[in-house]
Amino acid sequence: MRYFLDTEFNGFGGALISVALVPEDGDQELYISLPLPDAVEPWVAQHVIPYLRLVPAGVDHELDRVEAADMIAAYLAGDADPVIIADWPEDLAHFCALLVTGPGQMTGVDFGLRLELINAAGFSAAANSRVPHNALHDARALRDFYMVDRVS
């Protein structure tokens, strides 16, 4: 199955703040927020942090990095061939870095997964998302864009 990924992070090269995976079909979405860095970039403070909690009840999980990695592994474990789709390379970089739990260690993604960076020309999360700069809503918007414009 395809899962659409979005992340929010503390500016260019900054710490991961939230991650979302939205399946191509079904409503079993995953949204995780991580502890905020001590110093939050001004743009992030204004455009991301106020919308961090604007997700449905029961979907928001506030976890540390290792717990987040383990939850992602458990979420994907039932899928023999998960494909993670993103429209921005930094989303994939943050996702992969999150799976690393220590020196020479990663969370239990022993089933493997594939990553796909798509050319989403014409897509803008800021324009298409119900709640721009919220990883869950942006991942939903990416899924909707992909499923309409790429699959049909």
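Residues numbered from 1 in each chain as written. Predicted model: local features only at pLDDT ≥ 70, side-chain atom pairs only at ≥ 80, totals over all residues. Heavy atoms only, no water.

Draft legend 1. A look at the overall build of the protein. Of regular secondary structure, the protein possesses 5 helices and 8 strands. The N-to-C order of helical and strand elements in the protein reads β-β-β-α-β-α-β-α-β-β-β-α-α. Here the protein has a C-alpha radius of gyration of 15 Å; the compact-globule value for 152 residues is 15 Å, and the two agree. Considered along the principal axes of its C-alpha atoms, the protein spans approximately 45 × 40 × 30 Å. Classification of the 152 residues of the protein by burial places 45% in the buried group. In the protein, 67% of the contacts between residues at least 6 apart in sequence involve partners at least 24 apart. Taking the average location of the 8 positive side-chain charges in the protein and that of its 23 negative ones, the two points are 5 Å from each other. (Helix = DSSP H or I, 4+ residues; strand = E, 2+ residues; numbered from the N terminus. Rg over C-alpha atoms; globule rule 2.2 N^0.38 Å. Buried < 20%, exposed > 50% of the residue type's maximum accessible area, 1.4 Å probe, protein only. Contact = heavy atoms within 4.5 Å. Lys, Arg positive; Asp, Glu negative; His and termini not counted. Charge placed at Lys NZ, Arg CZ, Asp CG, Glu CD.)

Draft legend 2. How the structure looks around the pairing of strand β2 (residues 16-23). Of all 8 residues that make up β2, 8 are buried, and the element is covered over most of its length. Where strand β1 (residues 2-9) lies against β2, 7 bridges are found, and the strand directions are antiparallel. Residue pairing across strands places Tyr3 opposite Pro23, the latter belonging to β2. Connecting β1 to the next strand, β2, in antiparallel fashion are 6 residues, including Gly11 with a positive phi near 75°. In this sheet, strand β3 (residues 30-33) lies alongside β2 in antiparallel orientation, the contact comprising 4 bridges. (Pairing = 2+ DSSP bridges.)

Draft legend 3. Structural detail: the sheet that holds strand β4 (residues 60-62). If you walk across this open sheet you meet the 6 strands as β4-β3-β2-β1-β5-β8, and the pairing is mixed. Where the open sheet ends on each side, the last strands, each with one partner, are β4 and β8 (114-117). Direction aside, the axes of adjacent strands within the sheet are offset by 25° on average. Packing of helix α3 (residues 89-99) onto the sheet brings it into contact with β1, β2, β5 (83-86) and β8, and relative to β1 it is tilted by some 90°. (Axes fitted to C-alpha atoms, helices over the stretch in contact; angles between N-to-C directions.)

Draft legend 4. Molecular detail of the nonpolar core. Residues Leu5, Leu21, Ile72, Ile84 and Phe95 are the most contacted members of the largest nonpolar core, which totals 20 residues. When residues of this core are traced back to their parent elements, those giving at least two are β1, β2, β3, α2 (65-76), β5 and α3. The contact partners of Phe95, leaving out residues within four places of it in the chain, are Leu5, Val19, Leu21, Ile72, Leu76, Ile84, Leu113 and Leu115. Grouped together as the second largest cluster of nonpolar side chains are 12 residues, Ile17, Val22, Val44 and Val59 included. (Core = buried A, V, L, I, M, F, W, Y, C linked by side-chain atoms within 4.5 Å.)

Draft legend 5. Highlighting the pattern of salt bridges. As enumerated under the stated definition, the model contains 6 salt bridges in all. One salt bridge in this structure joins Arg114 and Asp81, with 2.9 Å as the shortest N-O distance. Placement of the pair is Arg114 in strand β8 and Asp81 in the loop between α2 and β5, with a sequence separation of 33 residues. Take Arg114: its relative accessible area is 44%, and that puts it in the partly exposed class. (Salt bridge = Lys/Arg side-chain N within 4 Å of Asp/Glu carboxyl O.)

Draft legend 6. Representation of the packing of aromatic side chains. Applying the stated criterion across every chain, the model contains 3 aromatic pairs. Residues Tyr3 and Tyr75 carry aromatic rings whose centres are separated by 5.7 Å and whose planes lie at 65° to one another, so their mutual orientation is edge-to-face. Here the residue Tyr3 occupies a position in strand β1, and Tyr75 occupies one in helix α2, the gap between them amounting to 72 residues. Using a relative accessible area of 21% as the deciding quantity, one classes Tyr75 as partly exposed. Both rings, one in Phe4 and one in Tyr146, keep their centres 5.2 Å apart while their planes meet at 55°; by these two values the pair is tilted. With Phe4 in strand β1 and Tyr146 in helix α5 (residues 135-151), the pair connects residues that are 142 residues apart, well separated along the chain. (Phe/Tyr/Trp six-rings, centres within 6.5 Å; stacked < 30°, edge-to-face > 60°.)

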